[in-house]
Amino acid sequence: MYSIKELYKDIEVLAGILEENKVDAFRFTAGIEQELIERWERENVSMLPQGYKEFIGLCNGFRYCGTEVFPLERVEVLSAPDEFEGYYCIGTYIGDGSLMLSDRNGKCYYGDHAFGIKEVEFETFVQDDILRHIKEVFVDNNMEIPENIYTRESKKEKPILSHNRYLEILEKIKAEKEKE
């Protein structure tokens, strides 16, 4: 698993490329000071997930494609629906009402009305939900993802076969069958 700092750097790099190519625009807020996070934890007698604290220290809130990391001032204890009562909402994912939750002990969870609550690392949320959505924009626009970004494994993260290339291959197959 990559650190929040590494993942956030990837978000900034990819966002910059998308903005330069006029594909999308991003808004990065300033991070908040550790003292504010510590005060929030004291006042609420609760610990926040370490990854979340690191993220809001870099950028206090981020939203993209229905996935959102809440700024600290939006974090509040839930009283409804019943299955999420007592958890803190620290963000959303998918854009369908699914929540990123934290308990009072600093553990992080996916909260979904259909599938319930599942423990997860905050870093997994950033990588699998935020970076994946940004990566999909690159793929949809046939753009090359820079080396060492997202999966940190390959230079290109493009679709295996574009629709146009698929049609070209079909035409070649038809032409070769006609020759036979």
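Here goes a summary of the coordinates provided.

Parameters at a glance
- Residues numbered from 1 in each chain as written.
- Predicted model: local features only at pLDDT ≥ 70, side-chain atom pairs only at ≥ 80, totals over all residues.
- Heavy atoms only, no water.
- Core = buried A, V, L, I, M, F, W, Y, C linked by side-chain atoms within 4.5 Å.
- Buried < 20%, exposed > 50% of the residue type's maximum accessible area, 1.4 Å probe, protein only.
- Helix = DSSP H or I, 4+ residues; strand = E, 2+ residues; numbered from the N terminus.
- Contact = heavy atoms within 4.5 Å.
- Phe/Tyr/Trp six-rings, centres within 6.5 Å; stacked < 30°, edge-to-face > 60°.
- Pairing = 2+ DSSP bridges.
- Expected span 1.5 Å × (residues − 1).
- Salt bridge = Lys/Arg side-chain N within 4 Å of Asp/Glu carboxyl O.

1. Quick word on the nonpolar core
A general feature of soluble globular proteins is that nonpolar side chains tend to end up buried together.
Then, number 1: Membership of the largest hydrophobic core comes to 46 residues, with the highest contact counts inside it found for Tyr-52, Phe-55, Phe-122, Phe-125 and Ile-134.
Then, number 2: Of all the elements, helix H4 (residues 122-140) adds the most residues to this core, at eight residues.
Then, number 3: In this structure, Phe-55 is in contact with Ile-4, Tyr-8, Ile-11, Phe-62, Val-69, Phe-122 and Val-126, ignoring residues within four places of it in sequence.

2. Here's the deal with the packing of aromatic side chains
Aromatic ring pairs: the centre-centre distance and the angle between the two ring planes describe each pair.
Then, number 1: Taken as a whole, this structure holds 12 aromatic pairs when the rule is applied.
Then, number 2: Considering the side-chain rings of Tyr-8 and Phe-55, the 5.6 Å spacing of their centres and the 90 degrees angle between planes classify their relative orientation as edge-to-face. Note that Tyr-8 is positioned in helix H1 (residues 4-20) and Phe-55 in helix H3 (residues 50-58), a separation of 47 residues in sequence. Both residues of the pair, Tyr-8 and Phe-55, count as buried.
Then, number 3: Plain terms: the ring middles of Tyr-52 and Phe-122 are 5.7 Å apart, the flat faces sit at 80 degrees to each other, and that makes the pair edge-to-face. Here the residue Tyr-52 occupies a position in helix H3, and Phe-122 occupies one in helix H4, the gap between them amounting to 70 residues.

3. Considering the pairing of strand E4 (residues 88-93)
Then, number 1: Across the six residues of E4, six count as buried, placing the element largely inside the fold.
Then, number 2: Of the pairings in the sheet, the one linking strand E2 (residues 67-69) to E4 comprises two bridges and is antiparallel in character. Its bridge partner being in E4, Glu-68 is matched across the sheet by Thr-92.
Then, number 3: The sheet contact formed by strand E3 (residues 76-77) and E4 spans two bridges and is antiparallel. Residue pairing across strands places Val-77 opposite Tyr-88, the latter belonging to E4.
Then, number 4: As paired strands, E4 and strand E5 (residues 98-102) are joined by five bridges and run antiparallel to one another. Counted as the bridge partner of Thr-92 is Leu-99 from E5.

4. Some details on H4
Then, number 1: With 19 residues, H4 extends 26 Å between its outermost C-alpha atoms, agreeing within 8% with the 27 Å of an ideal straight helix rising 1.5 Å per residue.
Then, number 2: Most of H4 is tucked away, with 14 of its 19 residues classed as buried.
Then, number 3: Residue Asn-142 follows H4 closely and has a positive phi angle near 50 degrees.

5. Things to note about the pattern of salt bridges
Then, number 1: Counted by the stated rule, this structure contains three salt bridges.
Then, number 2: As a salt-bridge pair, Glu-68 and Arg-63 come within 3.1 Å of each other at their nearest N and O atoms.
Then, number 3: Residue Glu-68 is classed as buried on the basis of its relative accessible area of 10%.
Then, number 4: A residue is classified by how much of its surface remains accessible, and Arg-63, at 57% relative accessible area, is exposed.
Then, number 5: A salt bridge links Arg-74 to Glu-68, with the nearest nitrogen and oxygen atoms 2.6 Å apart.
Then, number 6: Several salt bridges share partner residues, and in doing so they unite Arg-63, Glu-68 and Arg-74 into one network.

6. Structural notes on the pairing of strand E6 (residues 108-112)
Then, number 1: Most of E6 is tucked away, with five of its five residues classed as buried.
Then, number 2: Both faces of E6 are covered, namely the face carrying Cys-108, Tyr-110 and Asp-112 and the face carrying Tyr-109 and Gly-111.
Then, number 3: The sheet contact formed by E5 and E6 spans four bridges and is antiparallel. Following the sheet pairing, Leu-101 is matched in E6 by Tyr-109.
Then, number 4: Between E5 and E6, which pair antiparallel one after the other, the connecting turn spans five residues, and Gly-106 there sits at a positive phi close to 85 degrees.

So, to be careful, I would describe these as geometric facts and stop short of saying anything about function.
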